[in-house]
Amino acid sequence: MRELSDYNLNKMEDCVEFLIDTIDTHAEAKARAKAAEYLLKAHRSEAYINSDGKTIADREAQAAIAIVHLGHVSEYKNALREYEIVSARRAVAELQLELYRTKSANIRGLKI
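Residues numbered from 1 in each chain as written. Predicted model: local features only at pLDDT ≥ 70, side-chain atom pairs only at ≥ 80, totals over all residues. Heavy atoms only, no water.

## Observations concerning the overall build of the protein
Step number 1: What the protein contains, in helices and strands, is 4 helices and 0 strands.
Step number 2: Secondary structure elements of the protein occur, N-terminal to C-terminal, as α-α-α-α.
Step number 3: Taken against the 2.2 N^0.38 rule, which gives 13 Å for 112 residues, the C-alpha radius of gyration of the protein at 23 Å runs more than 25% over that of a compact globule.
Step number 4: The buried share of the protein, reckoned over its 112 residues, is 22%.
Step number 5: Considering only contacts within the protein whose residues lie at least 6 apart along the sequence, 75% involve residues at least 24 apart.
Step number 6: Of the roughly 8300 Å² of accessible surface on the protein, a fraction of 57% belongs to carbon and sulfur atoms.
Step number 7: The positive charge centre, built from 17 side chains, and the negative charge centre, built from 18, are 4 Å apart in the protein. (Helix = DSSP H or I, 4+ residues; strand = E, 2+ residues; numbered from the N terminus. Rg over C-alpha atoms; globule rule 2.2 N^0.38 Å. Buried < 20%, exposed > 50% of the residue type's maximum accessible area, 1.4 Å probe, protein only. Contact = heavy atoms within 4.5 Å. Areas by Shrake-Rupley, 256 points an atom, 1.4 Å probe, with all protein chains shown as cover. Lys, Arg positive; Asp, Glu negative; His and termini not counted. Charge placed at Lys NZ, Arg CZ, Asp CG, Glu CD.)

## Quick notes on a negative patch on the surface
Step number 1: Negative charge collects at one region of the surface, where Glu13, Asp14, Glu17 and Asp21 lie side by side.
Step number 2: You can see Glu17 is positioned in helix 1 (residues 6-21). (Patch = residues over 30% accessible without salt bridge, like charges linked within 9 Å, V, L, I, M, F, W, Y side chains within 5 Å. Salt bridge = Lys/Arg side-chain N within 4 Å of Asp/Glu carboxyl O.)

## So, the packing of aromatic side chains
Step number 1: Counting across every chain of the model gives 0 aromatic pairs.
Step number 2: A cation over an aromatic ring shows up here: Arg59 above the ring of Tyr48, its NZ or CZ 5.4 Å from the ring centre. (Phe/Tyr/Trp six-rings, centres within 6.5 Å; stacked < 30°, edge-to-face > 60°. Lys NZ or Arg CZ within 6 Å of the ring centre and 35° of its normal.)

## Notes on the side chain of Arg90
Step number 1: Its place among the elements puts Arg90 in helix 4 (residues 72-111).
Step number 2: No salt bridge is formed by the buried Arg90; its nearest oppositely charged neighbour, Glu94, is found at 4.5 Å.
Step number 3: Separated by 2.7 Å, the side chains of Arg90 and Thr22 make a polar contact.
Step number 4: Setting aside residues up to four positions removed in sequence, Arg90 forms contacts with Phe18, Leu19, Thr22, Ile23 and His26. (Polar contact = N/O pair within 3.5 Å; in protein donor to acceptor, adjacent residues only side chain to side chain.)

## Quick look at the confidence of the model for the protein
Step number 1: Taken residue by residue, the protein gives an average pLDDT of 89. The fraction at 70 or more is 95%.
Step number 2: Between the elements of the protein, mean pLDDT differs from a low of 88, seen in helix 1, to a high of 93, seen in helix 2 (residues 23-50). (pLDDT = per-residue confidence, 0-100.)

What follows is the structure, encoded as structure tokens:
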């Protein structure tokens, strides 16, 4: 009969530890991304209000240029990137755990 190796068990323990260890990192990254998004919108609104454009389209264009020029889009991109990386790594760990559960169930089924 097939058995789960110590390597697989250790790998799954590592996945669980990773998920536990990254709870705060994940939450902080999400909070930074949300805050950066809020600030981006606030800066865009401020730039729109302070714009001297004659039409709505002119004001929107000037606001978009202003937030890019001031680096606010870059700040948002970096915060979102950090959040997505942590999220993706956590998703991979969760998939590995699910695969382990499936393999374990299949092996238990063979023993019956």
